[in-house]
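Coordinate inspection notes
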Amino acid sequence: MPGMQDNATEVTAAGIARLAGVGRAAVSNWRRRHADFPRPVGGTETSPSFALTDVEDWLRRHRKLAEVPLRERVWQHLCGHPAGPVTALTHAGCALLLIHERPPVWLDVSSGSDERLAAMLPTALEQVLTPRHAGPDGSSVHPPAAAHRELALDPPTGPHLLPSVPLLRGAAELAAELGARQTFEFLLGRHLDANPRQYTLTPADLADLMAALAGTPDTVLDPACGTGALLRAVTPRPGQRLYAQDSAPELAALTALRLALHTRAHLHTAAGDALRADAHPDLRADAVLCHPPFNERNWGHDELAYDPRWEYGFPARTESELAWVQHALARLRDGGTAVLLMPPAAASRRSGRRIRADLLRRGALRAVVALPVGAAPPYNIPLHLWVLRRPHRTSAQPEVLLADAAPFATDGRGGPDWPGVRETVLDAWRAFDRAGRLDERPGLARSLPVIELLDDDVDLAPARHLPPPAAADGAGRLSDVRERLGETLRLTAALTPPPVDPAPPAASGRLPLTTVGELARGGALVLRTGGTGGRARVPVLTDHDVLAGTAPSGTLPESEEEAVLTAPGDVVVPVLGGGAVARVVDETTAGAALGRNLVLLRPDPAALDAWFLAGFLRGTTNNRQASSYASTATRLDVRRLQLPRLPLEEQRRYGARFRELDAFERALRQAGRLGEHLVRGMYDGLTDGTITPD
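Residues numbered from 1 in each chain as written. Predicted model: local features only at pLDDT ≥ 70, side-chain atom pairs only at ≥ 80, totals over all residues. Heavy atoms only, no water.

Per an unreviewed UniProt entry, the recorded name for the protein is Type II restriction endonuclease subunit M, and the organism is Streptomyces pilosus.

Below you can see the structure in the form of structure tokens.
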């Protein structure tokens, strides 16, 4: 077995810390102090990697191996795979698809040695992939050898699968707990979350809205499918056919596996650039859903100048999004619907005005919806949805719908108020779609005659055509804000801490200290970390909420992972950013899920006072000694934070003062928010004429 070590799954220091339930600093100490600690087998000098089996053996010998959840062990096998996490995820997906479709076959191929499993799995996968492309009568529409090409999958061969066997067995074990579909979603979601800069994702709420705008189609295409979020959101129908393509072969393969696990629809997926090498040139779909790449200069402008898809005009080199719009229209049947996510500049750039004008004149562009900031990456820009119809020859429409969901933006990082966005947009679209027009809904939606938009700019940005909501007694509202500000300032003054006297020098020196890690080991508190998903559909307390002192504002992607829910008396600490912050959970915050980059400490009330704990964790010196520094961020090792050993009664004395400081801090924040509201309202009222200078 000498070659097996060369292909062993590798794990980083961060992964070792997860396995042992410690911080990364502890792993560094073990490497320095223990001569028998495994040697690096890869990585770099500053970020080495180690053979997972060697690490597990060492941790077990030294009794440092924590009781790691199964899903964490499977994840370590995936992210440390010698061929990379994407290959590992594809191999795991293939095995999970076999488990999902034909459990007895999996039990048979996995019952023997690792070599037997790796050798038999490719043939077993062919038996699963081919039927996914049967015709309505059950007959095969593709020869078996071509079936995997229709799924954009090359089933791995035995030699390639052999290093993945521990991962496949672990994934099968996890599937017995969660189900094959949920296991793949967990692994895919964890991978995407761990590599946010590599992928442009379509959030689930946005995908659901786009799919709902498309109705209930039988045939759906996504020509830039990414990880398949849009097609996964389509309402299932008997006999449905889903077509997908992506320029990245690995994404096309992951989409194929994801959809095969999620739906019984007939699947047709392909790898390749849909503009340059369309895999479905003869398709006429009921609907097209697309989140195209934005601002692509190299989209094929030079070689595609005479392409028949440019019915509405040849897009400029800077208008790649309008090329995708016309590609979508070309793949629709007459009357079919396309919904595309677009950058807001596509609605107003002068280089695209002629194509926008022709889309309007011929009735192809039916609606433009401005989404709130934070709806999808890039999160700082309010993206648009374009809803299009392939027109019948005489179906030009006199009006177009413009809607603006900007009022549903929120201050937190959890994204906009999606229920509000969904209800407003779908209600406006369905009413417009039925009647061909929509009465004005101030500040939210209206339909305009196409002729009013056909000026020199053909600017389709909804905010420029929607008057703001009528200001009902704007001066009265500002007077109310001013009154509340005055009350808050008076409260702030009352809460201002009194003058302080220096404490006398302690007769016996410094107080004896302990650490959060020692308290956790001794049972005085429980330590939990925030997750990346969860089954609980509750608001999520984000690190931004803790830093800003606001209500839970986030969301977590749905997964089978158990969310950590807060309870009154918990202390929540952000681990990124370098600030000395700790928040005690009260009744209004209790029940929220714990978000990423947060650590929750649940003290035993018989041993620790929550406010005492939170107050000492906020000490600047305390945070400095417990922080580590990377090139771009500061990370807090909560286990190293210190606090004095004091009797419970003495803790409560400190806790009472810390609680008073917290109330003072919250009052200051509220005064600041009210002051900003008052200033902004005064500027807006004076400039829009609802308030006079007098």
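Notes on the nonpolar core
Side chains of nonpolar character tend, in soluble globular proteins, to be buried together. Where we set the bar: To define a nonpolar core, start from buried Ala, Val, Leu, Ile, Met, Phe, Trp, Tyr and Cys residues and group those joined through side-chain atoms within 4.5 Å. The rule is simple: take the accessible area with a 1.4 Å probe, protein chains only, and divide by the maximum for that residue type; under 20% is buried, over 50% is exposed, in between is partly exposed. Going along the chain from the N terminus, every DSSP run of H or I of four or more residues is numbered as a helix, and every run of E of two or more is numbered as a strand.
Counting residues in each nonpolar core, the largest one holds 93 residues, and the members touching the most others are Trp106, Leu209, Leu213, Leu289, Leu341, Leu371 and Leu385. A total of 9 residues in this core trace back to one element, the largest contributor, which is helix H5 (residues 85-101). Residues Ala224, Leu283, Ala346 and Leu402 belong to the second largest nonpolar core, which totals 41 residues.

Structural notes on the pattern of salt bridges
Which entries qualify depends on this criterion: One speaks of a salt bridge when a side-chain nitrogen belonging to Lys or Arg is within 4 Å of a carboxyl oxygen belonging to Asp or Glu.
Taken as a whole and judged by the stated rule, the model has 35 salt bridges. The salt bridge partner of Arg317 is Asp302, with a shortest N-O separation of 2.9 Å. Residue Arg317 is located in the loop between strand E7 (285-290) and helix H15 (320-330), and its partner Asp302 is located in the loop between E7 and H15; the two are separated by 15 residues in the primary sequence. The class of Asp302 is exposed, set by a relative accessible area of 55%. Between Asp334 and Arg390 there is a salt bridge, with the nearest N and O atoms lying 3.5 Å from each other. In this pair, Asp334 is assigned in strand E8 (residues 332-342) and Arg390 in the loop between strand E10 (384-389) and strand E11 (399-404), connecting sequence segments 56 residues apart. According to the relative accessible area criterion, Asp334 is partly exposed, its value standing at 41%.

Observations concerning the side chain of Asp609
The line we're drawing: Whenever two N or O atoms come within 3.5 Å, that pair is a polar contact, provided that in protein one can donate a hydrogen and the other can accept it, and provided that, for residues adjacent in sequence, both atoms are side-chain atoms. Contact between two residues is taken to exist if any of their heavy atoms lie within 4.5 Å; hydrogens are not considered.
On the secondary structure map, Asp609 appears in the loop between strand E19 (598-603) and helix H22 (610-617). Within the structure, Asp609 has its side chain in polar contact with the backbone nitrogen of Trp611 (distance 3.1 Å). Other than its neighbours up to four places away in sequence, Asp609 contacts Leu648, Gln651, Arg652 and Gly655.

Some words on the pairing of strand E3 (residues 48-51)
Basically, it comes down to this: Two strands form a pair only when DSSP identifies at least two bridges running between them.
Relative to E3, strand E1 (residues 10-12) runs antiparallel, the two being bridged by 3 bridges. Residue pairing across strands places Val11 opposite Phe50, the latter belonging to E3. Pairing analysis gives 2 bridges linking strand E2 (residues 42-43) to E3, with the strands arranged antiparallel. Residue pairing in the sheet places Gly42 in a bridge with Ser49 of E3. The turn joining E2 and E3, which pair antiparallel and follow one another in sequence, is formed by 4 residues.

Overview of the sheet that holds E1
Worth spelling out the cut-off: In this analysis an axis means a line fitted to C-alpha atoms, helices contributing only their contacting stretch, and an angle means the value between N-to-C directions, from 0 to 180 degrees.
What the 3 strands build is an open sheet, ordered E1-E3-E2; its pairing is antiparallel. At either margin of the open sheet sits one strand with a lone partner, and together these are E1 and E2. Where helix H3 (residues 52-61) meets the sheet, it contacts E1 and E3, and its direction lies at approximately 75° from that of E3.

Let's talk about empty space enclosed by the protein
Selection rule: Think of a 1 Å grid over just the protein atoms. A cavity is a set of points where a 1.4 Å probe fits yet cannot get out, a pocket is an open set with protein on both sides within 12 Å along at least five of seven lines, and lining residues have an atom within 4 Å of a point. Grid points are joined across faces, edges and corners, and a volume is the space filled by probe spheres set on the points.
In this structure the tally under the stated criterion is 2 cavities of 30 Å³ or more. There is about 30 Å³ of room inside the second largest cavity. Taken together, Leu231, Arg232, Val234, Pro236, Gln240, Leu242, His262 and Thr263 make up the lining of the second largest cavity.

Some points on the packing of helix H7 (residues 114-129) against helix H10 (residues 165-178)
Note the cut-off: In this scheme, roughly parallel covers angles under 35 degrees and roughly antiparallel covers those over 145, while 65 to 115 is roughly perpendicular and the rest are oblique. Under the scheme applied here, ten amino acids are nonpolar (Ala, Val, Leu, Ile, Met, Phe, Trp, Tyr, Cys and Pro), four are charged (Asp, Glu, Lys and Arg), and all others, including Gly, are polar.
Contact geometry of H7 with H10 gives a least axis separation of 10 Å together with a crossing angle of 85°. Compared by their axis directions, H7 and H10 come out roughly perpendicular. Contacts between H7 and H10 involve Asp114, Leu117, Ala118 and Leu121 on the former and, on the latter, Val165, Leu168 and Arg169. Of the residues that constitute the contact of H7 with H10, the class distribution is 5 nonpolar, no polar and 2 charged.

Some words on the environment of Trp58
Tracing the backbone shows Trp58 in helix H3. When its relative accessible area of 1% is taken as the criterion, Trp58 is described as buried. It is 8.1 Å that separates the C-alpha atoms of Trp58 and Asp36, two residues lying 22 residues apart in sequence. Among all residues touching Trp58, those that are not within four sequence positions of it are Trp30, His34, Asp36, Phe37, Pro38 and Lys64. Polar contacts involving the side chain of Trp58 include one to the side chain of Asp36, which spans 3.1 Å.

Things to note about the packing of helix H12 (residues 204-213) against helix H17 (residues 418-435)
Our working definition: Two helices that cross are described as forming a left-handed crossing if the nearer one is turned anticlockwise from the farther one by less than a right angle, and a right-handed crossing if clockwise.
Two elements in contact, H12 and H17, have axes whose closest approach is 11 Å; the angle formed by their N-to-C orientations is 15°. With respect to H17, the axis of H12 lies roughly parallel. With respect to the hand of their crossing, H12 and H17 are arranged in right-handed fashion. Each of Asp205, Leu206, Asp208, Leu209, Ala212 and Leu213 in H12 lies in contact with H17, whose residues at this interface are Trp418, Val421, Arg422, Val425, Leu426, Trp429 and Arg430.

Some details on the sheet that holds E19
With antiparallel pairing, the 4 strands of this open sheet are ordered in space as E14-E19-E16-E17. Looking along the sheet, the strands with just one partner apiece sit at the ends: strand E14 (525-529) and strand E17 (583-584). Bridge count between strand E16 (residues 571-574) and E19: 4 bridges; the pairing is antiparallel. Within E19, the residue paired with Val573 across the bridge is Val599. Across the sheet, H22 is in contact with E14, E16, E17 and E19; its angle to E16 comes to roughly 15°.

Some points on unusual backbone geometry
Here the residue pair Pro377 and Pro378 is connected by a cis peptide bond, since its omega of -5° sits within 30 degrees of zero. Note on placement: Pro378 falls in the loop between strand E9 (365-370) and E10. Of note, Asn295 is a non-glycine position whose phi angle comes to about 55°, a positive value. Relative to the helices and strands, Asn295 is located in the loop between E7 and H15. The phi dihedral of Val458 falls on the positive side, at around 50°, and the residue is not glycine. One can find Val458 in the loop between helix H18 (450-453) and helix H19 (474-495).

Some details on the pairing of strand E6 (residues 266-271)
Extensive coverage of E6 is indicated by the burial of 5 of its 6 residues. Relative to E6, strand E5 (residues 241-246) runs parallel, the two being bridged by 6 bridges. Following the sheet pairing, Arg241 is matched in E6 by His266.

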